[in-house]
Amino acid sequence: LVYPHIFSTNIYLRRFPKIEAIGNFLFERRKETMIGLLFTTISQFLFFTGMWILAVPLGFSVPLWQMILFGSLAFVFASLPLSFSGFGTTELAFLYFFQPLGIHQENILALTTMLVFYKFLFAGLGWIVGSYYQAFHLVTPEK
């Protein structure tokens with residue numbers, strides 16, 4: 001709600017007109033932005049809950065909030081352009097964050113391997129749903 005005020009009063013932020021343009025775009029579409037943030041938050045919570053459910057039988061004795069916190073940080077490292085689709089960096093980041101919690105290396109690597117299958121499964125489901133909507137013209141093409 002205070003976004004336009006921040007850019008109009010801060011002289012240093014005015015040096016970044018593209019960031020200001022993106023912010024103004026999102027601010028003008030507050031309703032859509034908030035709905036998108038809500039759906040993103042719900043989907044991330046469901047993803048990390050599913051990851052936690054997979055991790056508990058592997059010996060991860062961490063609460064859900066730690067899985068969300070450290071998993072999010074690990075995926076931030078995995079998004080760096082150091083590897084193809086995060087393969088390798090995800091494993092290293094998970095080892096870095098979860099080994100100090102007393103979780104064995106083999107269990108961490110088993111979880112990250114299962115997450116690869118999890119990623120492919122949900123990408124395939126998304127492809128099927130998207131294809132279904134596209135095939136039945138439920139998504140209108142942009143003009």
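Just above, that's the structure.
Residues numbered from 1 in each chain as written. Predicted model: local features only at pLDDT ≥ 70, side-chain atom pairs only at ≥ 80, totals over all residues. Heavy atoms only, no water.

Colleague: Please clarify how the pattern of salt bridges should be interpreted in this entry.
Modeller: Pairing is possible between side chains of opposite charge, provided their charged atoms come close. Throughout the structure, instances matching the rule amount to one salt bridge. We note a salt bridge from Arg29 to Glu28, for which the minimum N-O separation is 3.4 Å. What makes Glu28 exposed here is its relative accessible area of 59%. (Salt bridge = Lys/Arg side-chain N within 4 Å of Asp/Glu carboxyl O. Buried < 20%, exposed > 50% of the residue type's maximum accessible area, 1.4 Å probe, protein only.)

Colleague: Can you help me understand the packing of helix H3 (residues 30–55) against helix H4 (residues 64–78) in this one?
Modeller: Geometrically, a packed helix pair is captured by the angle between its two axes and the distance between the axes. Contact geometry for H3 and H4: axes closest at 9 Å, N-to-C directions at 110°. If you check the angle between H3 and H4, you find them roughly perpendicular. Of the residues in H4, those touching H3 at Phe45, Phe47, Phe48, Thr49, Met51, Trp52 and Ala55 are Leu64, Met67, Ile68, Gly71, Ser72 and Phe75. (Axes fitted to C-alpha atoms, helices over the stretch in contact; angles between N-to-C directions. Helix = DSSP H or I, 4+ residues; strand = E, 2+ residues; numbered from the N terminus. Parallel < 35°, antiparallel > 145°, perpendicular 65-115°, else oblique. Contact = heavy atoms within 4.5 Å.)

Colleague: Would you take a moment to explain the side chain of Glu91 for this structure?
Modeller: Within the secondary structure, Glu91 is located in helix H5 (residues 89–98). As a buried residue without a salt bridge, Glu91 has its nearest oppositely charged side chain in Lys119, at a separation of 8.1 Å. For Glu91, the side chain forms a polar contact with the main-chain nitrogen of Gly88, separated by 2.6 Å. Each residue touching Glu91, except ones within four places of it in the same chain, is listed here: Gly86, Leu109 and Thr112. (Lys, Arg positive; Asp, Glu negative; His and termini not counted. Polar contact = N/O pair within 3.5 Å; in protein donor to acceptor, adjacent residues only side chain to side chain.)

Colleague: Could you clarify how one ought to interpret the packing of H4 against H5 in this entry?
Modeller: Running from N to C, H4 and H5 cross one another at 140°; their axes reach a closest spacing of 8 Å. Classified by the angle their axes make, H4 and H5 are oblique. Seen from above, H4 lies across H5 with right-handed handedness. Across the interface between the two elements, Gln66, Met67, Phe70, Gly71, Leu73, Ala74, Phe75, Phe77 and Ala78 of H4 pack against Thr89, Thr90, Ala93, Phe94, Phe97 and Phe98 of H5. (Left-handed = near helix turned anticlockwise from the far one by under 90°.)

Colleague: Honestly, the nonpolar core in this entry has me stumped. Any pointers?
Modeller: Most often, soluble globular proteins have nonpolar side chains that are buried together. By size, the foremost hydrophobic cluster in this structure holds 19 residues, and its most contacted members are Met51, Phe60, Met67, Phe94, Phe98, Ile108 and Leu111. Going through the elements one at a time, H3, H4, H5 and helix H6 (105–135) are the ones with two or more residues in this core. Residue contributions to this core peak at five residues, all from H5. Look past the residues within four positions of Phe94 in its chain and what remains in contact with it is Met51, Gly71, Ala74, Phe75, Gln99, Ile108, Leu111, Thr112 and Leu115. (Core = buried A, V, L, I, M, F, W, Y, C linked by side-chain atoms within 4.5 Å.)

Colleague: Help me out: how do you make sense of H3 in this one?
Modeller: Because the α-helix completes a turn every 3.6 residues, residues three or four places apart line up on one side. For H3, which comprises 26 residues, the first-to-last C-alpha distance of 37 Å matches the rise-based estimate of 38 Å (1.5 Å per residue) to within 8%. Residues Phe48, Thr49, Gly50, Met51 and Ala55 constitute the buried set of H3. Among the structural elements, H4, H5 and H6 are those in contact with the buried residues of H3. (Expected span 1.5 Å × (residues − 1).)

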